[in-house]
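Reading the structure
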Amino acid sequence: MANAASGMAVHDDCKLKFLELKAKRTYRFIVFKIEEKQKQVVVEKLGEPTESYEDFTASLPADECRYAVYDFDFVTEENCQKSRIIFIAWSPDTSRVRSKMIYASSKDRFKRELDGIQVELQATDPTEMGLDVIRSRST
């Protein structure tokens, strides 16, 4: 179903893989990209449960926009094991203006397709989505 504002559809695989991350914890992270020719959001990379946050950030291109979700595990001050699903809109300053506009205009609709996101971040460089930022937004 395409969005009237941006004309982007969401591939079913995006929702299926997100549900697997959320319910079964099959993946640590998922990176999504917009295929401009097909006018749809697709899964670009799936991170194994054993992969680290560094593996995740390394999988985001330095000069292209992406959407991503990351399953963040942490321990609270009360020593409780918790998990948060983080949505990251990655839009580096060096990416094309057209790409930034397409990703910005499609973000809300895409996010609505992924039921269960608990924290959202917008990042234009790696410091805006460092582990310290993730931790402070999750607790």
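Bear in mind the structure is a predicted one, so any value in this text is a computation, not a measurement.

Next up on the list: helix α3 (residues 97-113). Counted at 1.5 Å a residue, the expected span for α3 with its 17 residues is 24 Å, and the 25 Å between its end C-alpha atoms agrees. The sharpest bend along α3 measures roughly 45 degrees and falls at K107. For α3, the complete set of buried residues consists of S99, I102, Y103, S106, K107, R109 and F110.

Our focus in this paragraph is the environment of P126. In this structure, P126 sits in the loop between β6 (119-123) and α4 (131-138). Taking relative accessible area as the criterion, P126 reaches 59% and is therefore assigned exposed. When the C-alpha atoms of P126 and T57 are compared, they prove to be 7.6 Å apart, with 69 residues separating the residues in sequence.

Counting across every chain of the model gives 10 aromatic pairs. Geometrically, the ring pair formed by F32 and F110 is edge-to-face, given 4.9 Å between the ring centres and 70 degrees between the ring planes. On the criterion of sequence distance, the pair formed by F32 in strand β2 (residues 29-35) and F110 in helix α3 is long-range, its members being 78 residues apart. Comparing F32 with F110, the two get one shared label, buried. A centroid spacing of 6.3 Å and a plane angle of 50 degrees characterise the contact between F87 and F110, whose relative ring orientation is tilted. Here F110 lies in helix α3 and F87 lies in strand β5 (residues 81-90), a separation of 23 residues in the sequence.

Our next topic: the environment of I117. Residue placement: I117 occurs in the loop between α3 and β6. When the C-alpha positions of I117 and I88 are compared, they lie 10 Å apart, and in sequence the two are 29 residues distant. Those residues in contact with I117 that sit more than four places away from it in its chain are F18, V69, I85, F87 and K111.

The subject of this paragraph is the side chain of R66. With respect to the helices and strands, the residue R66 is situated in strand β4 (residues 66-75). Engagement of the side chain of R66 in a polar contact is seen with the side chain of E64, the distance being 3.0 Å.

Here the phi dihedral of R25 falls at roughly 55 degrees; this positive angle occurs in a residue that is not glycine. Mapped onto the secondary structure, R25 falls in the loop between α1 (12-24) and β2. Overall, the relative accessible area of 37% leaves R25 in the partly exposed class. We note that N79 has phi near 70 degrees; this positive angle belongs to a residue other than glycine. Within the fold, N79 resides in the loop between β4 and β5. Judged by relative accessible area, which is 64%, N79 ranks as exposed.

Each value, and the rule that gives it
- Residues numbered from 1 in each chain as written.
- Predicted model: local features only at pLDDT ≥ 70, side-chain atom pairs only at ≥ 80, totals over all residues.
- Heavy atoms only, no water.
- Helix = DSSP H or I, 4+ residues; strand = E, 2+ residues; numbered from the N terminus.
- Expected span 1.5 Å × (residues − 1).
- Bend = angle between axes of the 7 residues up to and from the residue.
- Buried < 20%, exposed > 50% of the residue type's maximum accessible area, 1.4 Å probe, protein only.
- Phe/Tyr/Trp six-rings, centres within 6.5 Å; stacked < 30°, edge-to-face > 60°.
- Contact = heavy atoms within 4.5 Å.
- Polar contact = N/O pair within 3.5 Å; in protein donor to acceptor, adjacent residues only side chain to side chain.

Such coordinate-based values are descriptive only and should not be taken to indicate function.
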